[in-house]
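What follows is the residue order along each chain.
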Amino acid sequence: MKSLKLTSNLATLAILALVSFSRPSLSQNLESSQIAHPSPDSWPLYHGDYSGKRHSSLTQVTRENVGDLTLAWAFQTNQGAQIKSSPLLVDGILYFTVPDNIWAVDARSGHMLWHFNHPTTEGDHIGHRGVAMYKGWLYFATPDAHLISLNAKDGTVRWDKIIADVKKGYWSTTAPLVVRNHVIAGVGGDLDNLPGYLRSFDPDTGEVQWDWYATTPTGTPQGTTGGTTWMTGTYDPELNLVYWGTGNPTPVLNGKTRPGDDTWTCSIVALDPETGKLVWGFSASPHDTHDWDAVETPVLVDADFHGQPRKMLMQSSRNGYFFVLDRTNGKSLLTAPFGPTNWALGIDKEGRPIPNPDKEPKPDGRLIAPDEGGMTNYRSPSFDPKTGLFIVDAHPSWSIYFAKPADGDYGWAGADYGVWGKGVIEAIDYQTGKIRWSHEVGKGGSGAGVLTTDSGLAFTGDSTGNILALSTADGKTLWHAGTGAPMQTSPITYELDGRQYLVTGSGSVMFAWALPQSLVKAERAEVRAR
C-alpha cells in the first residue's frame, strides 16, 4: 500500500499543468447515440451511462500499478460549498457544479475555460449534483428551482424556465436526465408539505412536456404530500422506461394525518418518458415515519438471477434494505437488510418491509436503526459485473425518535442523530443479499460514492479526507491519498490521449489522478512490442 503526501507539490503540479495546457476542441455536439453508448473518453451522464452501475471498462490503472497514481491537476472552486456534483466529460471538457455555479474545465490540465454564476438567495443551497448535456447545450437545475439551458462552448444562457415555485418552498439540487428529446428534472422541498414531482422539458425550447406527481392531489381521499425527486434516475432504452426514486411523505415524521402506504412516496417508480405516465411502482418504505426517502440510485443490471436471465433493478435504500426487482414489471426478486434494521415486522409477499407501529416516534422515545440519515444516502453505489458485487457506502447507525403533542393531530417529532454510527464500504452479493466483505471508513461515515473498473478496483473515500482504491474482490486497501477534506461526491474515470484519469471532488477542490506519463509511455511501448 502506498500513500501520496499532498504538500506544496500541489501548487507546483498545478503550475506545470497550466504551462502544458492545450485548449480542447469546443465543438460539442452530444447526440442521443453517444449518451446511450458512451466511449472511454467521455462521461456524458450523471452516472456515466444510463444504467447507473458507475462501472468503467478502463484497465490502464490496475491492482499492480495503482500505487503509482499521482496528482495530474487540482482545481480550486474558491467556494464555501463542498463539491457534491458528479462531473460530465464531453469533448475533453469537464463540467461540474456547486449551488449557483458551473465550471467548464479542461479535463487534461484542469485549466478553467469558463464559469457561470446564477446568484440567488432563494431555495435550499444544501448541495448540487451536476448538469446534463444534449447536443451543444447544458441543462442546469438551480437552487431556486429553475432549469437553465446554456451554450456548452461559453456558458451563455439560451433560456431559463421554472421547474417549481420557490415561493412555495420548492428547490432543486438534481442533475437532470436527458432521455431522447426530454430533459427530466426533479424537485426538493419535503420540509414544507409539498407534493413532489418530475417535470419534463423540450431540450430546444424549454417548453414543459409533462409532469408526474408522486402523490395524489391534495384534498382527494388518501391525499398525501411529499415524494420529492431530488436525485437523478436511470433509463432502459430497450424497454423505454425511466426509473426514479422518490422522497418521504410529509409531515415528515408524523404519520397520523396520512394513514395507508402514502404511495408513491419512498418508492421506486417506472415511467414512460414520452408521456410521464406511471408504468409500475414499488414502495420501499410504506407509510414512512423516519425520513427515509428512496431516491437512491436505481441500478440497472442484465444478468442471471438464481439461474434465470433477468432484467433487474437494484437499490440500496436509505431504510437499510437492499432490493432486487424485475424492472420489466416491478416485481420483487430479493429484499434483504444490509445493516442493522429494527423498524420492520418482516417482509410482505410483495417484498416490502412491514412497518412496526411501535417503532414510530413516541413521547418516551424509540431506539431505531438506522438513524435518520439512513443506511446510505445520495452517494452513488457501483455494480461490478465481473464479481457480481453491488458496492455501497453504508452507514450502520442508531437514532432515538421522539414525539410530543402540538397543534392537535399534527404533533411534532424529531430524532437524535448522535447515538451511534460508523461508515463502511460494503460489497453485497445480489444473488443472496449477503455482505461479501466490508471495509470501515471511519466514524460517522464518509459521504463518498463508489466507482469500480474492469481491472478489479473500487475507488471511494473515507471520513478523514482520504481517497481510497480498494480491491473489488475483497475490499483490501491498495492505495490512498490525503486531500484535506472528505469526499462528498462520486468518482468518475475517463481516458484521453491514451492516459486514464480518475477525478474526485473533496471539499471545494476537484482532483484528477493518473499514472505518471513516463509509466504510461513505457507500458504502451511494452504492449506494442508484444
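The preceding data block contains the structure.
Everything numeric here is computed off the predicted structure, so don't read it as measured data. Per-chain numbering applies: the sequence of each chain, read as written, is numbered from 1 onward. Only residues with pLDDT of at least 70 are given local features in this predicted model, and only at 80 or more are side-chain atom pairs given and counted; all residues enter the totals for whole chains, interfaces and linings. Based on all heavy atoms of the structure, the side-chain values leave hydrogens and waters out of the count.

Considerations on the packing of aromatic side chains
Now for step 1: Two rings from Phe, Tyr or Trp (for Trp, the six-membered ring) form a pair when their centres sit within 6.5 Å of each other. Planes less than 30 degrees apart are called stacked, planes more than 60 degrees apart edge-to-face, and all others tilted. Summed over the entire model, instances satisfying the criterion amount to 21 aromatic pairs.
Now for step 2: Where Tyr243 meets Trp280, the ring centres are 5.9 Å apart and the plane angle is 45°; that geometry is what we call tilted. Taken together, the positions of Tyr243 in strand β18 (residues 241–245) and Trp280 in strand β21 (residues 278–283) put the pair 37 residues apart, joining distant regions of the chain.
Now for step 3: For each residue, the accessible area found with a 1.4 Å probe, counting protein chains only, is set against the maximum for its type, and the residue is called buried under 20%, exposed over 50%, and partly exposed in between. On the basis of relative accessible area, Tyr243 is assigned to the buried category, the value being 0%. A helix here means a DSSP run of H or I that spans at least four residues, while a strand means a run of E at least two residues long, and both kinds are numbered starting from the N terminus.

Notes on the pairing of strand β13 (residues 182–186)
Now for step 1: A large share of β13 lies buried, amounting to five of its five residues.
Now for step 2: Of the two faces of β13, both are covered, the one formed by His182, Ile184 and Gly186 as well as the one formed by Val183 and Ala185.
Now for step 3: Here strand β12 (residues 177–179) pairs with β13 via three bridges, running antiparallel. The residue bridging Val179 from the neighbouring strand is His182, located in β13.
Now for step 4: Linking two consecutive strands that pair antiparallel, namely β12 and β13, is a turn of two residues; a positive phi of about 55° is found at Arg180 within it. DSSP bridges decide pairing: two strands pair if at least two such bridges lie between them.

Some details on the pattern of salt bridges
Now for step 1: One side-chain nitrogen of Lys or Arg within 4 Å of one carboxyl oxygen of Asp or Glu is enough to make a salt bridge. In the structure shown here, the tally under the stated rule is 23 salt bridges.
Now for step 2: Asp302 is the partner of Lys311 in a salt bridge, and the nearest nitrogen-oxygen pair spans 3.6 Å.
Now for step 3: Since its relative accessible area comes to 51%, Asp302 is described here as exposed.
Now for step 4: A salt bridge links Asp358 to Arg366; the shortest N-O distance between them is 3.2 Å.
Now for step 5: For Asp358, a relative accessible area of 40% translates into the label partly exposed.
Now for step 6: Overall, Arg366 belongs to the buried group, its relative accessible area being 18%.
Now for step 7: Connected through salt bridges with shared partners, the residues Asp236, Glu238, Asp302, Lys311 and Arg327 form a single ionic network.

Let's talk about the environment of Leu194
Now for step 1: Among the secondary structure elements, Leu194 is positioned in the loop between β13 and β14 (197–201).
Now for step 2: Sequence separation of Leu194 and Ala164 is 30 residues, and the distance between their C-alpha atoms is 11 Å.
Now for step 3: Contacts are residue-level and defined by heavy atoms, with any inter-residue pair within 4.5 Å sufficient. Apart from residues no more than four positions distant in its own chain, Leu194 is found in contact with Lys168, Gly169, Tyr170, Gly189, Thr225, Gly226 and Thr250.

Some points on the environment of Lys476
Now for step 1: Mapped onto the secondary structure, Lys476 falls in the loop between β36 (466–471) and β37 (477–482).
Now for step 2: Residue Lys476 is classed as exposed on the basis of its relative accessible area of 56%.
Now for step 3: In the structure, Lys476 is positioned 19 residues away from Leu457 in sequence and 10.0 Å away in space, judged by C-alpha atoms.

Some remarks on the side chain of Ser455
Now for step 1: By the element assignment, Ser455 lies in the loop between β34 (451–453) and β35 (457–461).
Now for step 2: Of the polar contacts made by the side chain of Ser455, one reaches the backbone oxygen of Val61; its length is 2.6 Å.
Now for step 3: By the criterion applied in these results, polar contacts are pairs of N or O atoms within 3.5 Å in which, for protein atoms, one can donate a hydrogen and the other can accept it, and in which residues neighboring in sequence qualify only through two side-chain atoms. At a separation of 2.8 Å, a polar atom in the side chain of Ser455 contacts the side chain of Thr453.
Now for step 4: Beyond its immediate stretch of four places on either side in the chain, Ser455 contacts Leu58, Thr59, Val61, Thr62 and Arg63.

What about the sheet that holds strand β39 (residues 499–506)?
Now for step 1: Spatial strand order, β3-β40-β39-β38: four strands in an open sheet with antiparallel pairing. Each edge of the open sheet carries a strand with a single partner, namely β3 (70–76) and β38 (492–496). Here the average twist between neighbouring strands, direction ignored, is 25°.
Now for step 2: Note: β39 against strand β40 (residues 509–514), six bridges, orientation antiparallel. Looking across to β40, one finds that Thr504 is bridged to Phe511. Each axis is a line fitted through C-alpha atoms, and for a helix only the stretch in contact is used; angles between axes span 0 to 180 degrees, taken between their N-to-C directions.

Quick look at the nonpolar core
Now for step 1: Residues Tyr95, Trp114, Met133, Leu138 and Leu177 are the most contacted members of the largest nonpolar core, which totals 49 residues.
Now for step 2: The dominant element in this core, judged by the number of residues it contributes, is strand β9 (residues 137–141), at four residues.
Now for step 3: Trp43, Trp73, Ile83 and Phe459 belong to the second-largest nonpolar core, a separate cluster that totals 40 residues. Buried residues of nine kinds, namely Ala, Val, Leu, Ile, Met, Phe, Trp, Tyr and Cys, make up a nonpolar core once their side-chain atoms join them within 4.5 Å.

Regarding the pairing of β39
Now for step 1: β39 sits mainly inside the fold: eight of its eight residues count as buried.
Now for step 2: Alternating residues of β39 divide into Arg499, Tyr501, Val503 and Gly505 and Gln500, Leu502, Thr504 and Ser506, and every residue in both groups is buried.
Now for step 3: With five bridges joining them, β38 and β39 adopt antiparallel strand pairing. Its bridge partner being in β39, Leu496 is matched across the sheet by Arg499.
Now for step 4: Linking two consecutive strands that pair antiparallel, namely β38 and β39, is a turn of two residues; a positive phi of about 55° is found at Asp497 within it.

Overview of empty space enclosed by the protein
Any empty space left between the atoms is revealed when a probe the size of a water molecule rolls over them.
Now for step 1: Residues are called lining when one of their atoms sits within 4 Å of a cavity or pocket point, these points coming from a 1 Å grid over the protein atoms alone, where a cavity is a set in which a 1.4 Å probe fits but cannot get out and a pocket is an open set with protein on both sides within 12 Å along at least five of seven lines. Grid points are joined across faces, edges and corners, and a volume is the space filled by probe spheres set on the points. Summed over the entire model, instances satisfying the criterion amount to two cavities of 30 Å³ or more.
Now for step 2: In this structure, the largest cavity occupies an estimated 50 Å³ of space.
Now for step 3: Taken together, Pro286, His287, Asp288, Thr289, His290, Trp343, Pro355, Asn356 and Glu360 make up the lining of the largest cavity.
Now for step 4: Elements with a minimum of two residues in the lining of the second largest cavity: β39 and β40.
Now for step 5: For the lining of the second largest cavity, the element with the most residues is β39, which contributes three residues.

Quick notes on the environment of Asp144
Now for step 1: Along the polypeptide, Asp144 turns up in the loop between β9 and β10 (146–151).
Now for step 2: We classify Asp144 as buried; its relative accessible area is 7%.
Now for step 3: With 45 residues separating them in the primary sequence, Asp144 and Pro99 have C-alpha atoms 9.7 Å apart.
Now for step 4: Among all residues touching Asp144, those that are not within four sequence positions of it are His118, Thr120, Glu122, Gly123, Ala164 and Val166.

Topic: the side chain of Thr297
Now for step 1: Here Thr297 is to be found in the loop between β21 and β22 (299–305).
Now for step 2: Exposure remark for Thr297: the relative accessible area of 3% places this residue in the buried category.
Now for step 3: When sequence neighbours within four positions are dropped, the list of residues in contact with Thr297 reads His47, Gly52, Thr234, Met314, Gln315, Ser380 and Pro381.

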